[in-house]
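One-letter residues, chain by chain:
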Amino acid sequence: MPFGEVIIGSPGSGKSTYAYGKHQLFTAIERPISIVNLDPANDALPYPCALDISSLITLEDVMQEHGLGPNGAMLYCMEYLQENFDWLEEGLKALGDDAYVVFDLPGQVELSTNHDSLKRIIQRLTKSGFRLAAVHLCDAHYITDASKYVSVLLLSLRTMLHLELPHINVLSKIDLLASYGELDFNLDFYTEVQDLSHLENVLSAASPRFAALNMAICTLIEEFSLVGFETLAVEDKESMLHLTRAIDRATGYIYVPASSGAPPGAIDPRGLGRSQRPNQFALFSTSAGPLSGPRSDVRDIQERWIDAREEFDAFENREWRKEGEAIRDQRAREEAAK
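Residues numbered from 1 in each chain as written. Predicted model: local features only at pLDDT ≥ 70, side-chain atom pairs only at ≥ 80, totals over all residues. Heavy atoms only, no water.

Looking at an unreviewed UniProt entry, one finds the chain named GPN-loop GTPase 2 and attributed to Schizopora paradoxa. Taken verbatim from the UniProt record of the chain, the Subunit (unreviewed entry) comment is "Binds to RNA polymerase II (RNAPII)." Under the heading Sequence similarities (unreviewed entry), UniProt records this for the chain: "Belongs to the GPN-loop GTPase family." (UniProt positions renumbered as here; feature names shortened; annotations may be inferred.)

Next comes the structure, spelled out in C-alpha cells:
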C-alpha cells in the first residue's frame, strides 16, 4: 500500500526545502522515499527527483505557446496534468506498491482553495490506493501580526475543506521567528488556536477599521474547530522527526508493519489462541495518544527557538565540537594501531 504526503503552501513557505530535508532525514534513517515534483515552474530542484512534471509540460512552454501569464499558465498545467493523469499513474507504478511518495506542488494558493484540478488529481490518487495527507506549510512570521495570523487561519481552513484530506498545518521556519520581534502571546496560543477573542484588542489597535470583520472571521474559524498547527525547523532533526510522526499518524502509516517483516524473535500469531496472541492494544493506544518525545511540547519549542535560542545554540555547538574531537581522537588511535 503506497503512502505519501502532498506538500502545499504559499510561495516562499519552504516546500522544496522541506522536501529536500525529508529526503535527507529518510536517507539517514534508511527509510525509502521518492519525491515527485509537480511544480512546472520549479527548474532548480534541490532534491533527487523520482518523477518530474517537466518531462510532461513546463510553465515556460505554456506561456510562450498560449500567451498566458504565470498564474494562468500554472492553472493550464494543472488541468493538463489532470487530463494526462495516466502519465503520473504510470510513473508512480514504477516506484512500487510500498513506496512513500512526497508530492512537491506549486505555490499558487488557488490550486488548493478553489481550483478543482488538484483536488481531482488527489481524488484519483486516493482511488488508486494511495494513503495521503496534506502538509500545509505557512511561514511562521505571519503569527507576529494579528491580522496576518487571522488570514493564515482562514486560508488553512479553506484548504482543509477544499482538499478533503487528513491535514497537517505547519508553521515553517520556526527557527527564524525570534528575528521578527516579540509575540503578543505565547507560542501555544497560535499553534493550538485557543480562544481567539483575546486577539480583539490587538486587532483593534493594529487595524481598527477591520477589527469587527477580523473577529467575525475568528468566530467562523472557532465554530469549525478544525485548525491547529505543528511547527517546523527543517534543519533540526528532532523537529523533522516530530512532524514525521504526526504525518505518519494522519496517514495511518504507523499501523502498517514494515515490509521487512517482524523483528527476530517476534511471536507469530497464526494458529494461537486469543490469550496467547501478542497484545496490540498498547500499540494502537500509544499511536492514538498524544505525541511524545523532543520537540513534542510547544513550550519546549518556544524555549528552544524564541526564549533561549542563543543559549541552546551555544550548547549544541559545544556538543558538536566534543563529538568532532572524539571522532578525531578515535581515528588517530586507529591510525596509530596500524
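Time to look at the sheet that holds strand β7 (residues 230-231). As summarised here, the arrangement of the seven strands in space is β3-β2-β4-β1-β5-β6-β7, forming an open sheet in which the pairing is parallel. On the outer flanks of this sheet lie β3 (51-52) and β7, each paired with one strand and no other. Bridge count for strand β6 (residues 167-172) against β7 is two bridges, and the pairing is parallel. Counted as the bridge partner of V170 is E230 from β7. Together, β1 (3-9), β2 (34-37), β4 (100-104) and β5 (131-139) form the strand contacts of helix α1 (residues 15-28), whose direction differs from that of β1 by roughly 150°. (Pairing = 2+ DSSP bridges. Helix = DSSP H or I, 4+ residues; strand = E, 2+ residues; numbered from the N terminus. Contact = heavy atoms within 4.5 Å. Axes fitted to C-alpha atoms, helices over the stretch in contact; angles between N-to-C directions.)

What follows covers the layout of surface pockets. Looking at the largest pocket, its volume works out to about 500 Å³. In terms of lining residues, the largest pocket is bounded by 17 residues, among which D236, K237, R304, E316 and W320 are the most central. For the lining of the largest pocket, the secondary structure elements donating two or more residues are α11 (237-251), α13 (298-307) and α14 (309-337). Counting residues per element, the lining of the largest pocket draws most heavily on α14, at eight residues. (1 Å grid on protein atoms, 1.4 Å probe; cavity = no way out; pocket = protein on both sides within 12 Å on 5 of 7 lines; lining within 4 Å. Points joined across faces, edges and corners; volume = space filled by probe spheres on them.)

Now for the packing of aromatic side chains. Evaluated as defined, the whole model comprises nine aromatic pairs. Centroid distance F3 to Y253: 5.2 Å. Interplanar angle 90°. Geometry classified as edge-to-face. Of this pair, F3 sits in strand β1 while Y253 sits in the loop between α11 and α12 (281-288); the two residues are 250 residues apart in sequence, bridging distant segments of the chain. Overall, F3 belongs to the buried group, its relative accessible area being 2%. Of the residues examined, Y253 reaches a relative accessible area of 28% and is grouped as partly exposed. One aromatic cluster is present, formed by F3, F26, Y100 and Y253 through successive ring pairs. (Phe/Tyr/Trp six-rings, centres within 6.5 Å; stacked < 30°, edge-to-face > 60°. Buried < 20%, exposed > 50% of the residue type's maximum accessible area, 1.4 Å probe, protein only.)

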